[in-house]
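Examining the three-dimensional arrangement
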Amino acid sequence: MGARFRRTLAASVAVALLATGCGGGPDDTSVNTIGVLSAALADTAEASNYRVSLSAGVTLKMAGAEISADLGEQAPLEVGVVTPEREYYRFDVGAMWGLFSLELDDAAFEMWIDDERVVFDISSIQRLVDASPNTIQGPSVPGVSFMDLTAIDADSPELMEAVAGASTPNLSEMAVSMPAALITIEQTSTDPLTFVGTTTSARLIQAQGGNVEADARSFAADFNEFGLGSSTDLDELTEAILQVYETNMVEVVIEVDKRGLLSVLWEKEDMSGLFGAIAESENFGAGLSEEERQEAVELFGSVEIVKETRITYEPDAHIEVPVPPSTAEDHTEEWLEFFNNSW
C-alpha cells in the first residue's frame, strides 16, 4: 500500500470517527474543518523520528490561597528524542517543583526506553534525598538502574501501558487520533496554520494514547495515597473521576508548520470538578468525624485548579537517541511493587 494512500485513508478514518463519535458530535462546519486539519496532518502520520518538549503551567486556588506558575517555554519540564528503536526523555525536576514555588535547581532525571527495558539515571536528585530523606520513596532512588519490561509484561501486562508508554503523546498516532477527538473546531490562522477546538478530558486521554479508566484509577489512588481522599473506596473514587472525565471540557490549540507537520499542541484543562466530585462521593471522609468531614467537603469544594500544557514537536529523520549508560542495577521488582501498590 503506497504512503500517499495510507495518509489519505488515515485522514478519511479520522473524519468518519468524528462524524459518528458518541457524545456531542460536531456540526457540519466542524466536520469540514476537521477534514482540513486531517489533510494538513496527513504527512505527520509518517514521522517516526522527532524531538519533543513539554512545558506546563498551573493555577491553584484553595481556601483563599493561590499558587500560579506560567508556562516555561524557554525552560521546558521535559525534552525527548523519539525513534522507532528507542526513546529518550529528560525531566527537569527543579522546574516541576518550581510550579509549586519550591526551589530545586539543576535536579533532573533521564530515562531511556526500548522494547526490552527502561534505563533510569536519577543521580542528580541525591542532594534532594540528603536534604529530605523521606521525599523520595519506592524505586526512584538516586543512581542508574533499569526495569525489565519483559518481566513486567509477563507478571502484570495491564501495567505495561502505564509503565512503558511514552510520557508525551506519540506524534505519528496522534496526527490521526487528535482530529477525531475534537468536538468543536475552527481554523483561526493561516500563518502558522492554526486550529482551535474543544474536546472532553476522556477523549483527550484516548487521543494521546492513554487508557481513560487507568488514568482515573491512578488519579484516585494518588488521592488515597496522600490521604487526600481519606481512604475513600478506590473503585468509588475511580467511578466519580470517570464521570467528570466524560463531560469535562478541554481547550485545544493545534499549530501545523510549513511542511504540513504538527508542531505545537496546547491544552488548557480546568480540573476543579474532580475535587468536587470526590468530595461528593458517598464514602468520602468515612474515617472523620462529621465536623471534620464537612470541613473537608468545603475545602475540596473550594478548589479551583487549571493546568496548561504546551508540547512542541520537531520531526527530524536524521535524529538519533543518545546511548543509555550501562547498569546492572535491576529495580524491576521494586517498580512492580510500586505500581501494584499504587493501583
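Higher on the page you've got the structure.
Anyway, here's the lowdown on the structure attached to this text. All values derive from a computational prediction rather than experimental measurement.

1. Thoughts on the pairing of strand S12 (residues 304–315)
Taken together, the 12 bridges between strand S1 (residues 50–62) and S12 define a ladder with antiparallel strand orientation. Bridged to Val52 within S12 is Tyr313. Where strand S11 (residues 262–270) meets S12, 7 bridges bridge the pair, whose relative direction is antiparallel. Looking at S12, one finds that Lys268 is bridged to Glu308.

2. Considerations on unusual backbone geometry
Looking along the chain, the bond that leaves Asp191 and enters Pro192 is cis, with omega of 0°. Among the secondary structure elements, Pro192 is positioned in the loop between strand S8 (184–190) and strand S9 (193–200).

3. Remarks on the pairing of strand S3 (residues 78–82)
Counting buried residues along S3, 4 of its 5 residues qualify, which places the element largely inside the surrounding structure. Across 5 bridges, the pairing between S1 and S3 is antiparallel. Paired with Val52 across the two strands is Gly80, which belongs to S3. Two elements, S3 and strand S4 (residues 87–92), share 5 bridges in a ladder whose sense is antiparallel. Bridge assignment links Gly80 to a residue of S4, and that residue is Tyr89. Linkage of S3 to S4, two consecutive antiparallel strands, is achieved through a turn of 4 residues.

4. Thoughts on the packing of aromatic side chains
This structure, assessed with the given rule, holds 6 aromatic pairs. For the pair Tyr50 and Tyr313, a centre-to-centre distance of 5.8 Å together with 70° between the ring planes defines the contact as edge-to-face. Placement of Tyr50 in strand S1 and of Tyr313 in strand S12 is noted, with a sequence separation of 263 residues between them. A residue is classified by how much of its surface remains accessible, and Tyr313, at 3% relative accessible area, is buried.

5. Some thoughts on a negative patch on the surface
A cluster of acidic residues, Glu329, Asp330, Glu333, Glu334 and Glu337, forms a negative patch on the protein surface. Relative to the elements of secondary structure, Glu334 occurs in helix H13 (residues 332–342).

6. Focus on helix H11 (residues 272–280)
When you tally the buried positions in H11, you get 7 out of 9 residues, the bulk of the element. Listing the buried residues of H11 in full gives Ser272, Leu274, Phe275, Gly276, Ala277, Ile278 and Ala279.

7. Let's talk about the nonpolar core
One finds Leu37, Met178, Leu182, Ile254 and Tyr313 to be the most contacted residues of the largest nonpolar core, which totals 45 residues. No other element matches helix H7 (residues 171–181), which puts 5 residues into this core. Among all residues touching Leu37, those that are not within four sequence positions of it are Pro179, Leu182, Ile185, Phe195, Ile254 and Val256. Counting residues in hydrophobic clusters, the runner-up holds 28 residues, among them Ile205, Met271, Leu274 and Ala279.

8. Focus: the side chain of Thr327
Residue placement: Thr327 occurs in the loop between S12 and H13. Within polar-contact distance, the side chain of Thr327 engages the backbone oxygen of Val144 at 3.0 Å. Here Glu329 takes part through its backbone nitrogen, which lies 3.0 Å from a polar atom of the side chain of Thr327. Ignoring any residue separated from it by four or fewer positions in sequence, one finds Thr327 in contact with Arg117, Val119, Val144, Ser145 and Phe146.

Criteria and cut-off values
- Residues numbered from 1 in each chain as written.
- Predicted model: local features only at pLDDT ≥ 70, side-chain atom pairs only at ≥ 80, totals over all residues.
- Heavy atoms only, no water.
- Pairing = 2+ DSSP bridges.
- Helix = DSSP H or I, 4+ residues; strand = E, 2+ residues; numbered from the N terminus.
- Buried < 20%, exposed > 50% of the residue type's maximum accessible area, 1.4 Å probe, protein only.
- Phe/Tyr/Trp six-rings, centres within 6.5 Å; stacked < 30°, edge-to-face > 60°.
- Patch = residues over 30% accessible without salt bridge, like charges linked within 9 Å, V, L, I, M, F, W, Y side chains within 5 Å.
- Areas by Shrake-Rupley, 256 points an atom, 1.4 Å probe, with all protein chains shown as cover.
- Salt bridge = Lys/Arg side-chain N within 4 Å of Asp/Glu carboxyl O.
- Lys, Arg positive; Asp, Glu negative; His and termini not counted.
- Charge placed at Lys NZ, Arg CZ, Asp CG, Glu CD.
- Core = buried A, V, L, I, M, F, W, Y, C linked by side-chain atoms within 4.5 Å.
- Contact = heavy atoms within 4.5 Å.
- Polar contact = N/O pair within 3.5 Å; in protein donor to acceptor, adjacent residues only side chain to side chain.

Purely spatial values, then, with no claim about function.
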